[in-house]
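Geometric and topological summary
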Amino acid sequence: MEFTLVNGRFTAEEAQTLLANLVKVKTDFHLSKIDVVNQSEEDIKHSEKRIKDIERESGRLKDMIQAGAYKHVGMHAKLVLEFVPDYVNM
């Protein structure tokens, strides 16, 4: 199943705001997983790594948006959901 989350053109400022909000939701998700008492050390390290990766990439995108000579940015984000019978950590 596919779900289009973002699909459009935004001003550079709007794009930065939207990107920052999407990043915040994802990093907050990982932070909440770290706070769970029964998380394994491996799961915690994975969440910490994902937070660093997300922050690094979003910073790079923010720099690119700010450095660009364009007034608008096209943003497209599609989620693809796969329903599986058992939990599989991908």
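These remarks concern the structure in this document. Remember, predicted model here, so these are calculated numbers, not experimental data.

**Some remarks on the pattern of salt bridges**
Here the structure, examined in full by the defined rule, presents six salt bridges. In this structure, the salt-bridge partner of D53 is R56, at a minimum N-O distance of 3.1 Å. Of the two residues, D53 and R56 are both situated in helix 2 (residues 41-67); the distance of three residues between them amounts to about one turn of the helix. Note that E57 is salt-bridged to R60, the shortest N-O span being 2.9 Å. With E57 and R60 both in helix 2 and three residues apart, this pair spans about one turn of that helix.

**Here we look at the side chain of D53**
On the basis of relative accessible area, D53 is assigned to the buried category, the value being 15%. Within the structure, D53 has its side chain in polar contact with the side chain of R56 (distance 3.1 Å).

**Examining the nonpolar core**
With 10 residues, the main nonpolar core is built from V6, F10, A12, A15, L19, V23, I54, I65, V73 and M75. Contributions of two or more residues to this core are made by strand 1 (2-11), helix 1 (12-34), helix 2 and strand 2 (72-80). Of the residues forming this core, the biggest block, four residues, is contributed by helix 1. Those residues in contact with M75, other than ones at most four positions away along the chain, are V6, N7, G8, F10, A15, L18 and L19.

**What to know about the packing of helix 1 against helix 2**
As a packed pair, helix 1 and helix 2 sit with axes 9 Å apart at the nearest point and diverge in direction by 175°. Between helix 1 and helix 2, the angle falls in the class roughly antiparallel. Residues A12, A15, Q16, L19, V23, K26, T27, H30, L31, K33 and I34 of helix 1 pack against I44, S47, E48, R50, I51, I54, E55, S58, L61, K62, I65 and Q66 of helix 2. Grouping the constituent residues of the contact of helix 1 with helix 2 by class yields 11 nonpolar, six polar and six charged.

**A look at the environment of S47**
Position of S47 among the secondary structure elements: in helix 2. In the structure, S47 is positioned 18 residues away from F29 in sequence and 8.9 Å away in space, judged by C-alpha atoms. With near-sequence residues (within four places) excluded, S47 lies in contact with H30, K33 and I34.

What counts, and where the lines are drawn
- Residues numbered from 1 in each chain as written.
- Predicted model: local features only at pLDDT ≥ 70, side-chain atom pairs only at ≥ 80, totals over all residues.
- Heavy atoms only, no water.
- Salt bridge = Lys/Arg side-chain N within 4 Å of Asp/Glu carboxyl O.
- Helix = DSSP H or I, 4+ residues; strand = E, 2+ residues; numbered from the N terminus.
- Buried < 20%, exposed > 50% of the residue type's maximum accessible area, 1.4 Å probe, protein only.
- Polar contact = N/O pair within 3.5 Å; in protein donor to acceptor, adjacent residues only side chain to side chain.
- Core = buried A, V, L, I, M, F, W, Y, C linked by side-chain atoms within 4.5 Å.
- Contact = heavy atoms within 4.5 Å.
- Axes fitted to C-alpha atoms, helices over the stretch in contact; angles between N-to-C directions.
- Parallel < 35°, antiparallel > 145°, perpendicular 65-115°, else oblique.
- Nonpolar A, V, L, I, M, F, W, Y, C, P; charged D, E, K, R; others polar.

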